[in-house]
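Fold and geometry: a report
So the chains spell out like this:
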Amino acid sequence: MATIDSVSSETDAHAHDSHGHDHPSWLAHHFDTPEQQFDSGKLGIWLFLVTEVLFFSGMFCAYAIFRMLRPEVFVGCSEFLNTKLGAINTGVLLFSSLTMAWAVRCSQTEEHKKLVALIATTLSCAMVFLGVKSIEYSHKWGMGLLPPGSYFYNAANEHPTQEQLVELHGFSDSMAYFLTHSLYFLCAPFALIAAGVLVWLIIAKVTGKDFQYACAKPLLVVALSFFGGVGLGTILESGGEHHGEGHVAMAGDHGHGEEHAEGDHDDHAHEGGDHSHEGEVADAEGTVGVVESPLGEDYAAVELLAENETNTGLKDLVAAEKAQQSLAKGQVVADPAASDLGISTLDGEVNTPKQAGVFFGIYYCMTGVHAIHILAGIGVLVWLLIRAIRQDFNRQYFGPVDYVGLYWHLVDLIWIYLFPLLYLIR
Amino acid sequence: MSAHGHSTDDAHSHDGHAEGDFAHPMPMGMLFSVFFALVFLTVVTVAQSNYNLGSFDIAVVMFIATIKALLVGLFFMHLAFDKPFNLIVFLSSFVFVGLFVVITLSDAKMTAPSFENITDEPPVASAEL
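Residues numbered from 1 in each chain as written. Chains lettered and ligands numbered in written order. Predicted model: local features only at pLDDT ≥ 70, side-chain atom pairs only at ≥ 80, totals over all residues. Heavy atoms only, no water.

Scanning chain B from N- to C-terminus turns up three helices and zero strands. Along chain B, helices (α) and strands (β) appear in the sequence α-α-α when read from the amino end. In chain B, which comprises 129 residues, the share counted as buried stands at 30%. Excluding contacts between residues fewer than 6 apart, the proportion of contacts in chain B whose partners are at least 24 apart in sequence is 42%. Carbon and sulfur atoms form 72% of the exposed surface of chain B, whose accessible area is close to 7400 Å². (Helix = DSSP H or I, 4+ residues; strand = E, 2+ residues; numbered from the N terminus. Buried < 20%, exposed > 50% of the residue type's maximum accessible area, 1.4 Å probe, protein only. Contact = heavy atoms within 4.5 Å. Areas by Shrake-Rupley, 256 points an atom, 1.4 Å probe, with all protein chains shown as cover.)

What follows deals with the packing of aromatic side chains. Applying the stated criterion to the full structure yields 37 aromatic pairs over all chains. A cation over an aromatic ring shows up here: Lys205 of chain A above the ring of Tyr213 of chain A, its NZ or CZ 4.6 Å from the ring centre. (Phe/Tyr/Trp six-rings, centres within 6.5 Å; stacked < 30°, edge-to-face > 60°. Lys NZ or Arg CZ within 6 Å of the ring centre and 35° of its normal.)

Right, let's talk about the environment of Tyr137 of chain A for a bit. Residues and elements named next belong to chain A. Looking at where Tyr137 falls in the secondary structure, it is placed in helix α5 (residues 112-143). Exposure remark for Tyr137: the relative accessible area of 10% places this residue in the buried category. Put simply, Tyr137 and Leu421 are 284 residues apart on the chain and 18 Å apart in space, counted from C-alpha to C-alpha. For Tyr137, the contacting residues outside a window of four places in its chain are Leu186, Tyr363, Tyr364, Thr367 and Gly368.

Take the packing of helix α17 (residues 356-389) of chain A against helix α18 (residues 399-423) of chain A next. Residues and elements named next belong to chain A. Between α17 and α18, the least distance of the axes is 10 Å, while the angle of their chain directions is 160°. As the angle between them shows, α17 and α18 are arranged roughly antiparallel. In the crossing of α17 with α18, the sense of the turn from one axis to the other is left-handed. Within the contact of α17 with α18, the residues separate by chemical class into 21 nonpolar, four polar and one charged. (Axes fitted to C-alpha atoms, helices over the stretch in contact; angles between N-to-C directions. Parallel < 35°, antiparallel > 145°, perpendicular 65-115°, else oblique. Left-handed = near helix turned anticlockwise from the far one by under 90°. Nonpolar A, V, L, I, M, F, W, Y, C, P; charged D, E, K, R; others polar.)

Structure follows, in structure tokens:
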């Protein structure tokens, strides 16, 4: 508990020397024994974690309601979330949980050097997580995958320029600049912190302040880890971008797009433009087989096989075939912008502000609040790191390490649920 | 909260601490095996997302996530060796989360037809459109 720490801060440089049960400096005067102090603090942190669980449950509930009402929006939108980045971040957080649990052990066994190293490793993992996260965020912001009010994603122009943002979507110049260069804005505070720690390190070295130097050394590594995360995210993001393929598969194994097209057919037919063609694709279903298919007599068999849920490849083939046939019969005047047939159009149904926008609103809320918890965790871990360097903790007084560890594990636990719920939707 | 609660659980203090010690350091082997189990389950959950399991999808995903959460809770958060009261406090929060989510979801389901229609147009792609 906080009171223990404020009481002990004056004299606890010598705390590890006093093994007696009389009045060690780290034992607050209102506790009889170290164990009573530890247990009280632990109950306190558990009550705090309960409030955290209840707090996050509000967002999980919003997620559950929207997913229940519009499942197809979640399937469509999770295609934009890079599973590789999510999986790497899961691994990083799990590893930081391991080092945190290990750090608690080291504080109990009084391995001071190891404790410092493990807390610094946990902090570095937190920074790598944030670095990967900022790649994810900036990538989405540039594409306009934003909450409803500012959502501007369009499959035909995935990465609009700054001028297009101002002209087409009504953003101010500075906002458009921010959206197209958001990675720099996300990196800037961390670059400033890293530079600040470097200056601190040099000053501490020059003036011979050993303790400050010992603190600044691991903190510089921690601050630089953020850019390691950014680098890792850049590599994986550039290798993992294949939205197009994902959308083709969706057009095939997903009935919703076609359902909508049929239901809204009357409206769309009169509107003309690119929307007429969704209706036509649905129409053509009834008359398949009139025009000779390149698949020949096998077509019926292929269609039968494509009935199978798992056979996405053949489903795509059938979907493409139907689209081609409707084109061949001259029923469709294809819009040149949508000539990729079914990729952006069928799926395009959900890429609208009120559908995908709401999904991304929920996405930013959940991952953003989680990221704020990571930042808070970084704050308390830095405090812990400095105290560990001061060798404050011993086998009778390791509460703060344990409490921060519990908080850190809860943050990990929330991510364990967030990752499959957001990234792994089919 | 009793100062005498620790005496029965000496099996976990591997480092031969003196009588009044209440710290129970987790064995390294356990920490690492829990970590590798968690990584393995992450690989499993990513792999299963490549198969379309239909409506079982969400159930499978949540089942794996819950196993992972149990591993983290029981071992990394020491709940398996902790005072039972902490476990009760923590689990009670999930009772209320359950009540909250179930009641809100059923309300949303019943009132869904009266919601605003939320299909709209994608944003424009270029000035010509």
